[in-house]
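Residue-level structure breakdown
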Amino acid sequence: MTFPEEIQAALLAEGDTLARHLTQTLHVTVDDPARLTLLGRSLATNLVGALLPTAEHVSRRAGSPVLTSLTLDPWGRLQVQTCTPDGELRARLGVDDLLLNLLFTRTHRLHPQVQEALQGALGGSEHQATRALVACLRSPPVLRGMETCVRLLMTAENAV
């Protein structure tokens, strides 16, 4: 999925912010900051990149199609936005909130399965890191969180 330059920059910045959160949560060595930045950016890009077409597909199947996009609010905060096919704005969800809800518990700790996968991504080869990242993306807490976010974006109660 390709985005305009300013949206891509904002998405990478969200990944960098996520990487800083991970630095505070995971057991990190001196050699890990570069890999953590890569993990944060990969998580942000993959999770947002998966949410947009998923929400569109599910809404079409449910009989009330919405279109999704990434936008910047007036303060430069990246948001997932849904609108009806005729252009009526339906819902907005901050990408920072999305990432925190998918990866962290309500007490602001990583879900244990997510933590285990990401900790595994810090050590080992690039192949092991890729496998650990995929395990994180496919973990039950992330998939349940993604389902919740899709429901949020589809409900009228979340209308802007």
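Counting from 1, residues in each chain are numbered in the order their sequence is written. It should be noted that, the model being predicted, local features are given only for residues of pLDDT at least 70 and side-chain atom pairs only at 80 or more, the latter also being counted only at that level, while totals for whole chains, interfaces and linings use all residues. Computation of side-chain values covers all heavy atoms of the structure but excludes hydrogens and water.

Another aspect to go through is the overall build of the protein. In this description a helix means any DSSP run of H or I spanning at least four residues, a strand means any run of E spanning at least two, and both kinds are numbered starting from the N terminus. Across its full length, the protein holds 6 helices and 3 strands. When the elements of the protein are put in sequence order from the N terminus, they spell out α-α-β-β-β-α-α-α-α. Its C-alpha atoms give the protein a radius of gyration of 16 Å, within 12% of the compact-globule value 15 Å for 160 residues. By the convention used here, residues are in contact when the closest approach between their heavy atoms is within 4.5 Å. Sequence-distant contacts, at least 24 apart, represent 58% of the contacts inside the protein between residues at least 6 apart. What sets the accessible areas is the Shrake-Rupley method with a 1.4 Å probe; for residues, cover comes only from the shown protein chains. Surface exposure of the protein reaches about 9,000 Å², of which carbon and sulfur atoms provide 54%. Our radius of gyration looks at C-alpha atoms and nothing else; its globule reference is 2.2 Å times the residue count to the power 0.38.

To continue, consider the pairing of strand β2 (residues 78-83). Exposed residues in this analysis have more than 50% of their type's maximum accessible area, buried residues have under 20%, and partly exposed residues fall in between, with area computed by a 1.4 Å probe over protein chains only. Counting buried residues along β2, 6 of its 6 residues qualify, which places the element largely inside the surrounding structure. The two faces of β2 match: Leu78, Val80 and Thr82 on one face and Gln79, Gln81 and Cys83 on the other face are all buried. Sheet topology places strand β1 (residues 67-72) next to β2; 6 bridges connect them, and they run antiparallel. Opposite Leu67, over in β2, you have Cys83 as the bridge partner. Where β1 hands over to β2, the hairpin turn is made up of 5 residues, of which Gly76 adopts a positive phi near 85°. As judged from the 5 bridges shared by β2 and strand β3 (residues 89-94), these two strands associate in the antiparallel manner. Each residue of the ladder has a partner; that of Val80, found in β3, is Leu93. Hairpin connection, β2 to β3: the antiparallel pair is bridged by 5 residues, and Gly87 has positive phi, about 95°. Only strands joined by at least two bridges in the DSSP assignment are considered to pair.

Turning our attention to the nonpolar core. Counting 43 residues, the largest nonpolar core has Leu22, Leu43, Leu70 and Leu103 as its most contacted members. Of all the elements in the fold, those that place two or more residues in this core are α1 (5-25), α2 (33-62), β2, β3, α3 (95-103), α4 (112-122), α5 (126-137) and α6 (140-154). A total of 9 residues in this core trace back to one element, the largest contributor, which is α2. Setting aside chain neighbours within four positions, we find Leu70 in contact with Phe3, Ile7, Val48, Leu52, Leu78, Gln79, Val80 and Val95. The term nonpolar core refers to a set of buried residues drawn from Ala, Val, Leu, Ile, Met, Phe, Trp, Tyr and Cys, joined through side-chain atoms within 4.5 Å.

Structurally, the position occupied by Arg106 is in the loop between α3 and α4. When the C-alpha atoms of Arg106 and Glu56 are compared, they prove to be 27 Å apart, with 50 residues separating the residues in sequence.

So, on to the pattern of salt bridges. Salt bridge, as applied in this entry: a Lys or Arg side-chain nitrogen positioned within 4 Å of an Asp or Glu carboxyl oxygen. Considering all chains together, one arrives at 5 salt bridges under this definition. Residues Asp16 and Arg41 are paired through a salt bridge, measuring 2.7 Å at the closest nitrogen-oxygen approach. On the criterion of sequence distance, the pair formed by Asp16 in helix α1 and Arg41 in helix α2 is long-range, its members being 25 residues apart. Of the residues examined, Arg41 reaches a relative accessible area of 32% and is grouped as partly exposed. Notably, a salt bridge pairs Asp96 with Arg77, separated by 2.8 Å at the nearest N-O pair. Note that Asp96 is positioned in helix α3 and Arg77 in the loop between β1 and β2, a separation of 19 residues in sequence. If you follow the salt bridges from partner to partner, you end up with Arg77, Asp96 and Asp97 in one network.

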